[in-house]
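Tertiary structure, described
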Amino acid sequence: MRSLILLAFFLCACSSIDIFKEKMEVRPVPSYQTFVIVNQEAKIAGFQDTFLDAIASSGLQNFLESQGMVYDKTNPDVVIRYTSNQDPRQKETYNAPMMPMWGMRVWDPWMFDPMWNNRMNPISTKNYELFQFIVDFIDPTQEKLVIRITAVTETANPREKQKKLEKAVKLVGKAYLEHTNNQPKR
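The shown structure was predicted, so the numbers you read here are calculated from the model rather than taken from an experiment.

Counting residues in each nonpolar core, the largest one holds 37 residues, and the members touching the most others are Phe133, Phe137, Leu165 and Tyr176. Contributing elements (two or more residues each) for this core: β2 (34-37), α3 (50-66), β4 (78-94), β5 (123-139), β6 (144-155) and α5 (158-179). Here this core gets seven residues from one element, more than from any other, and that element is α5. Residue contacts for phenylalanine 137: discarding those within four places in its chain leaves Val78, Val79, Ile80, Leu145, Val146, Ile147, Ile149, Val172 and Tyr176.

The phi angle of most residues is negative, glycine excepted, and most peptide bonds adopt the trans form. At lysine 43, a residue that is not glycine, the phi angle is positive and equals roughly 55°. Relative to the elements of secondary structure, lysine 43 occurs in the loop between α2 (38-41) and α3. Look at lysine 43 and you get exposed, because its relative accessible area is 72%. Unlike most non-glycine residues, glutamate 143 shows phi in positive territory, near 55°. Examined against the element boundaries, glutamate 143 turns out to sit in the loop between β5 and β6.

As summarised here, the arrangement of the six strands in space is β1-β6-β5-β4-β2-β3, forming an open sheet in which the pairing is mixed. Only two strands of the sheet have a single neighbouring strand rather than two, namely β1 (18-22) and β3 (70-71). Pairing between β4 and β5: 16 bridges, direction antiparallel. Considered in β5, the bridge of lysine 91 is made with lysine 126. Seen against the sheet, α5 touches β1, β4, β5 and β6 and runs at an angle of roughly 150° to β6.

Take the packing of α3 against α5 next. Running from amino to carboxyl end, α3 crosses α5 at an angle of 30°, the nearest separation of the two axes being 9 Å. Crossing of α3 over α5 shows right-handed handedness. Here Phe51, Leu52, Ile55, Ala56, Gly59, Leu60, Phe63 and Leu64 of α3 come into contact with α5, specifically with Lys161, Gln162, Leu165, Glu166, Val169, Lys170, Gly173, Lys174, Tyr176 and Leu177.

Moving on to the packing of aromatic side chains. Tallying each qualifying case throughout the model produces six aromatic pairs. Measuring from centroid to centroid gives 6.3 Å for phenylalanine 47 and tyrosine 82, while their planes differ by 40°, and the two rings are tilted. Linking phenylalanine 47 in the loop between α2 and α3 with tyrosine 82 in strand β4, this pair joins segments that are 35 residues apart in sequence. The pair phenylalanine 47 / tyrosine 82 is uniform in exposure class, with both members buried.

The rules behind the values
Residues numbered from 1 in each chain as written. Predicted model: local features only at pLDDT ≥ 70, side-chain atom pairs only at ≥ 80, totals over all residues. Heavy atoms only, no water. Core = buried A, V, L, I, M, F, W, Y, C linked by side-chain atoms within 4.5 Å. Buried < 20%, exposed > 50% of the residue type's maximum accessible area, 1.4 Å probe, protein only. Helix = DSSP H or I, 4+ residues; strand = E, 2+ residues; numbered from the N terminus. Contact = heavy atoms within 4.5 Å. Pairing = 2+ DSSP bridges. Axes fitted to C-alpha atoms, helices over the stretch in contact; angles between N-to-C directions. Left-handed = near helix turned anticlockwise from the far one by under 90°. Phe/Tyr/Trp six-rings, centres within 6.5 Å; stacked < 30°, edge-to-face > 60°.

Written out as structure tokens, the structure is:
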């Protein structure tokens, strides 16, 4: 039982993408059936990398179509616009000093080494990128923002960024459907 609880805690802690919902201007939210993605139609890049832009655009379209919505260029119920924010950053990590496995001894003539402190650097820096995927869902008849959903994560390399973007697209789609009371299909 204890291991099951620890496993559940570990899996919850591994959620690497945070979803934020903000700027809801339309109340009550109607159930939309058709959509259009402005970035596709107006050739507006939401990402600097065209490959990531294609993943975001096609991923949103495929997810919403798989949930029963229809892509309509001429008269959509909801307009979707997305953008990204990619901010390179650094963070310092503090490494615990390595001690003998049998415990920390104050004085051990066999383990004492006056150069020990000079060889070990307890602080290291890690380069990463704060990655935000921001999606606006707009009601064109009222000209108001239905909801803005932001997926935030950290990435360290391009392959990880691609996988996290694919996951973020699905999480944003699910959050939108839950907001509009259309339950996502499993």
